[in-house]
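These are the residues of each chain, in order.
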Amino acid sequence: MNIVIRTRTTGRMQDGIRTLLTLGEKQFAEAIGRLRDREGIDFWYVDDKCKWPDEPIQLGLEREIKGDVGDRTGIEFIGRGWFGGERFPRRQIIEALNGLGDINEDAAARRKRLQEVCGIDGLVRFLSLREEIDKTSIENAMKVLSSDEEMEAFTKAFTKCGDERVVKVLADIFKLSLGSDFYIPQLLQWKYRFNFIQKQINMDKYIMSDYTSPGSSVLDYHDRKPSEEQFDVNPMFRKEVLAGMPQDFSPEQKALYVYAKLSKLLKFNGRFLFRDNKSVNEDFSGAFNKERIERIQKGSEILCYDFSRLFEKFANEIEGVTGVVIEQDKLHWKCGFYTDDVSVGLEGINSTASGDGSFTPDTLKAKQGLALGGIKIISDRKGLVNAALEKIYPLIYGNRKLSVYDLMEKLKTIPQNESGGQIDRLALLKSYLQALKQNDIEGFDATTALIDAKRQGFFGDGLKAEYIGERTVIDGQNTMSCNLIIVDDKTKQVMILEPNRMQIKLVSPQAVAERLRNNELAYRDNLRTINMGDIKNDI
């Protein structure tokens, strides 16, 4: 808003408000429209730096012009534009209006119109423009915020058969910048009442933005409705997942128990690492495959999307779980659940760091007896999640708690054959694989555990390891199994770990190089960190 005086030091807002109250009716209507649509108004003085100093003053109601105006091409604004100016929040405009003191009758009528546009009436109008919000729910939400009695009555009734639509309106209101977008004289009381309701009702279920990870492309929220993809869990697998779960467990305990059991019973499909290889036609798109998911049983190799759908299936059957989420972030899928008391995100196939510095998904942690790392507490005011896990871990892991460090300590007692002063690392690796196998850690989990042990320095220096795919056919589809190629820089030995067979063997570097050329073997993403041409010995 351009003010036709030259004072700069103070009073820009007050002067702007006075100008608002004396505008022509057409310009005042335009100002009302801007405020109603949550746009700001610029306040400046005639001697502020201007974008187009030779244009007539427009009192701050400049409009963007597209195309040509007169002899100017692509002119951006009509009138003056203040460089470095501030667009004042609507709340400040109303506060300035209220501070004007005595004004005439016409100005008072205009002030009332501005108060309505920027206050509670404006908020109600803004909410009513959203198709998913009905008028009755808005009215009831305003009623709940109006007094402590209404607030307490609502929360008490909600725990029995409350109206979720009103809670959603309340959540939408407090996602707005009420402190600047709207002038709410009772804002402190509103915040107190909303916080009271939050303590009684798990609001995260209705504020979905708190659930979504950065960059997520899809948020598929089912809210105890049947999944759009109907399937039946393998009966034997269902029995194994639910085995040992106490019937008196709370909804939170049951959901986390299912998550931990899925992590323990299933294995990550390492072939996913080679999905970009041209010879692979195995489906890694994340598209639902009823036949594939119904075949899943203990020990099956799965990916994040099937893990998430299995969890959703089980969680939707738990009484007291009020919502289940499946979230897609590019090629990665996560899941989660709500109850009246908690909101929890879950990521079974993850790369979260454990306390020992290794990076392992929960599908491996659950086999090692480690604390699960893919559990993200979004809301848990009563501390129910950690308390549930304290009960769940002993049931799933028993008294034995295995870790990478435990395996290392165990292997230190294994005689290490030496040859020419060198530790026989092939024998050591075989011993390590045998220890993993005895603890039901096989397949890609074994590969990950071996890399963790290598990272911890258990096998000594000078040992290189890289994922390497081997062309194979599974279920009629061309794919690449995920092996590990290991090179001992000291002895120049080349070894291949085949985790699906749980065996490691010496190989000829020349044979490996030939198979790489023929695409029988392939590095992940064609990364050749280990070059067979640099290894001259022939085994």
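All of these numbers come straight from a predicted model, not from anything done at the bench.

A. Representation of the overall build of the protein chain within the structure. Each helix and strand in the protein chain was counted, giving 20 helices and 20 strands. Put simply, 68% of the contacts in the protein chain that link residues at least 6 apart link residues at least 24 apart. As displayed, the protein chain offers around 26500 Å² of accessible surface, 47% of which is attributable to carbon and sulfur atoms.

B. Inspection of the packing of aromatic side chains at higher detail. Inspection of the entire model under this criterion finds 10 aromatic pairs. Seen in terms of ring centroids, Phe272 and Phe284 are 5.7 Å apart; in terms of plane orientation they differ by 80°. Their pairing is edge-to-face. Of the two residues, Phe272 is situated in the loop between strand E8 (267-268) and helix H13 (290-294) and Phe284 in the loop between E8 and H13; the sequence distance between them amounts to 12 residues. Residue classification places Phe284 among the buried positions, given a relative accessible area of 7%. On the numbers, 5.5 Å between centres and 85° between planes, the contact of Tyr432 with Phe459 is edge-to-face. Of this pair, Tyr432 sits in helix H18 (residues 425-438) while Phe459 sits in the loop between helix H19 (444-455) and strand E16 (463-474), and the two are 27 residues apart along the sequence. Accessibility expressed as a relative area gives 4% for Phe459, which makes it buried. Clustering of aromatic rings is evident, with ring pairs tying together Phe268, Phe444 and Tyr467. Its guanidinium or amino end placed over the ring of Phe28, Arg110 lies 4.2 Å from that ring's centre, counting from NZ or CZ. A cation sits over an aromatic face here: Arg275 above Phe272, 4.1 Å from the ring centre.

C. Layout of the packing of H18 against H19. Relative orientation of the contacting elements H18 and H19 amounts to 130°, with a least axis distance of 11 Å. With respect to each other, H18 and H19 are oriented oblique. Every pair of crossing elements has a handedness; the one defined by H18 and H19 is right-handed. Of the residues in H19, those in contact with Leu429, Tyr432 and Leu436 of H18 are Ala446, Ala449, Leu450 and Ala453. When its residues are assigned to classes, the contact of H18 with H19 shows 7 nonpolar, no polar and no charged.

D. Expanded view of the side chain of Asn269. Residue position: Asn269 is located in the loop between E8 and H13. Judged by relative accessible area, which is 4%, Asn269 ranks as buried. A distance of 2.9 Å separates a polar side-chain atom of Asn269 from the backbone nitrogen of Arg271.

E. Up close: the pairing of strand E12 (residues 342-346). For E12, the buried fraction is high: 5 of the 5 residues fall into the buried class. The two faces of E12 match: Val342, Val344 and Leu346 on one face and Ser343 and Gly345 on the other face are all buried. Pairing between strand E11 (residues 332-338) and E12: 4 bridges, direction antiparallel. From the neighbouring strand, Phe337 faces E12, where its bridge partner is Val344. Here E11 hands over to E12 after 3 residues, the two strands then running antiparallel side by side.

F. Inspection of the sheet that holds strand E19 (residues 503-506) at higher detail. With antiparallel pairing, the 5 strands of this open sheet are ordered in space as E19-E18-E17-E16-E20. The sheet is open, and its two edges are formed by E19 and strand E20 (521-523), each paired on a single side. On average, each strand axis in the sheet is tilted by 35° relative to the strand beside it, whichever way the strands run. Here 12 bridges tie E16 to strand E17 (residues 477-488), and the two strands are oriented antiparallel to one another. Each residue of the ladder has a partner; that of Arg471, found in E17, is Met480. The strands touched by H18 are E16, E17, strand E18 (494-498) and E19; relative to E19, the strand with the most contacts, the crossing angle is about 170°. Across the sheet, H19 touches E16, E17 and E18, and the angle it forms with E16 is around 170°.

G. Molecular detail of the environment of Met502. Looking at where Met502 falls in the secondary structure, it is placed in the loop between E18 and E19. Non-local contacts of Met502, meaning those with residues more than four positions away in its chain, are made with Leu433, Leu436, Lys437, Ile441, Glu442, Gly443 and Ala446.

H. Representation of the nonpolar core within the structure. Counting residues in hydrophobic clusters, the biggest one holds 80 residues, and the most contacted among them are Leu262 and Phe311. Sorting elements by how many residues they give to this core places helix H12 (residues 251-265) first, with 8 residues. The residues that make up this core include at least three from each of domain 3 (212-397) and domain 4 (425-522). With residues near it in sequence (within four places) discarded, Phe311 still touches Ala255, Val258, Tyr259, Leu262, Cys335, Gly336, Phe337 and Leu346. With 27 residues, the next largest nonpolar core counts Phe154, Val167, Val169 and Leu178 among its residues.

The rules behind these values
Residues numbered from 1 in each chain as written. Predicted model: local features only at pLDDT ≥ 70, side-chain atom pairs only at ≥ 80, totals over all residues. Heavy atoms only, no water. Helix = DSSP H or I, 4+ residues; strand = E, 2+ residues; numbered from the N terminus. Contact = heavy atoms within 4.5 Å. Areas by Shrake-Rupley, 256 points an atom, 1.4 Å probe, with all protein chains shown as cover. Phe/Tyr/Trp six-rings, centres within 6.5 Å; stacked < 30°, edge-to-face > 60°. Buried < 20%, exposed > 50% of the residue type's maximum accessible area, 1.4 Å probe, protein only. Lys NZ or Arg CZ within 6 Å of the ring centre and 35° of its normal. Axes fitted to C-alpha atoms, helices over the stretch in contact; angles between N-to-C directions. Parallel < 35°, antiparallel > 145°, perpendicular 65-115°, else oblique. Left-handed = near helix turned anticlockwise from the far one by under 90°. Nonpolar A, V, L, I, M, F, W, Y, C, P; charged D, E, K, R; others polar. Polar contact = N/O pair within 3.5 Å; in protein donor to acceptor, adjacent residues only side chain to side chain. Pairing = 2+ DSSP bridges. Core = buried A, V, L, I, M, F, W, Y, C linked by side-chain atoms within 4.5 Å. Domains from an automatic or database assignment.

So yeah, pure geometry; function would need other evidence.
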